[in-house]
Amino acid sequence: MTYVVTDNCVRCKYTDCVSVCPVDCFYEGENMLVIDPEGCIDCGVCVPECPAEAIFPETPELAKWVEINRKYAKEWPVITKKKDELPEAKEMDGIKQKYENFFDPRNEKK
């Protein structure tokens, strides 16, 4: 089992989770983070740190998110230090279907 970042991270991108990850398995895109499912050690310390409540343990219902996390962990750079959230984070928190409507596949390090 692994943990995955899901829909509510899009256009929030809080990085509190990054600072507690003991194995540096978070990767940063333009407007969200993902977890490398191969690098995650299933410790779960990131879950309570996420203000957007966007991190969950892998379940069959989250198979789509496991694949999204896997794909972008290979394309985006690792992030190991906390940064400020996106300016629109508070207003975007809780909006449904953010991945379909607002996801940006670009790499943070353009």
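What comes next is a walk through the structure. All figures in this text were calculated on a predicted structure; none of them were measured in a lab. Per chain, residues are indexed from 1 in the order of the written sequence. Only residues with pLDDT of at least 70 get local features here, since the model is predicted, and only at 80 or more are side-chain atom pairs given and counted; chain-wide, interface and lining totals rely on the full set of residues. Note that water and hydrogens are dropped before the side-chain values are worked out from all heavy atoms of the structure.

1. A short note on the environment of Cys-21
Applied cut-off: The numbering of helices and of strands both runs from the N terminus, where a helix is a DSSP run of H or I of at least 4 residues and a strand a run of E of at least 2.
With respect to the secondary-structure elements, Cys-21 resides in the loop between helix 1 (16-20) and strand 2 (26-28). It is 15 Å that separates the C-alpha atoms of Cys-21 and Pro-77, two residues lying 56 residues apart in sequence.

2. Concerning the packing of aromatic side chains
In this description, a pair of aromatic rings is defined by centroid distance and the angle of the planes. Quick note on the threshold: Working definition: rings of Phe, Tyr and Trp (its six-membered ring) pair if their centres are within 6.5 Å, and the pair is stacked with planes under 30 degrees apart, edge-to-face with planes over 60 apart, and tilted otherwise. Each residue is assigned to one of three classes by its accessible area relative to the maximum for its type, calculated with a 1.4 Å probe on protein chains only: buried under 20%, partly exposed between the two thresholds, exposed over 50%. Charge-over-ring placement is defined geometrically: NZ (Lys) or CZ (Arg) within 6 Å of the ring centre, and within 35 degrees of the ring normal.
Applying the stated criterion across every chain, the model contains five aromatic pairs. Ring geometry for Trp-65 against Tyr-99: centres 5.2 Å apart, planes inclined by 75°, an arrangement best described as edge-to-face. With Trp-65 in helix 2 (residues 63-75) and Tyr-99 in helix 4 (residues 98-102), this residue pair connects regions lying 34 residues apart in the sequence. Taking the relative accessible area as the measure of exposure, Tyr-99 reaches 19% and is therefore buried. Summarising the aromatic geometry, the rings of Trp-76 and Phe-103 are spaced 6.0 Å apart at their centres and angled 35° between planes, so their arrangement reads as tilted. Here Trp-76, found in the loop between helix 2 and helix 3 (89-92), pairs with Phe-103, found in the segment after helix 4; they are 27 residues apart in sequence, far enough to count as distant. Taken individually, Trp-76 and Phe-103 each receive the classification buried, so the pair is uniform in this respect. Grouping aromatic residues by their ring pairs yields a cluster made of Trp-65, Tyr-72, Trp-76, Tyr-99 and Phe-103. The residue whose ring lies beneath Arg-11 is Phe-102, and the NZ or CZ to ring-centre distance is 4.9 Å.

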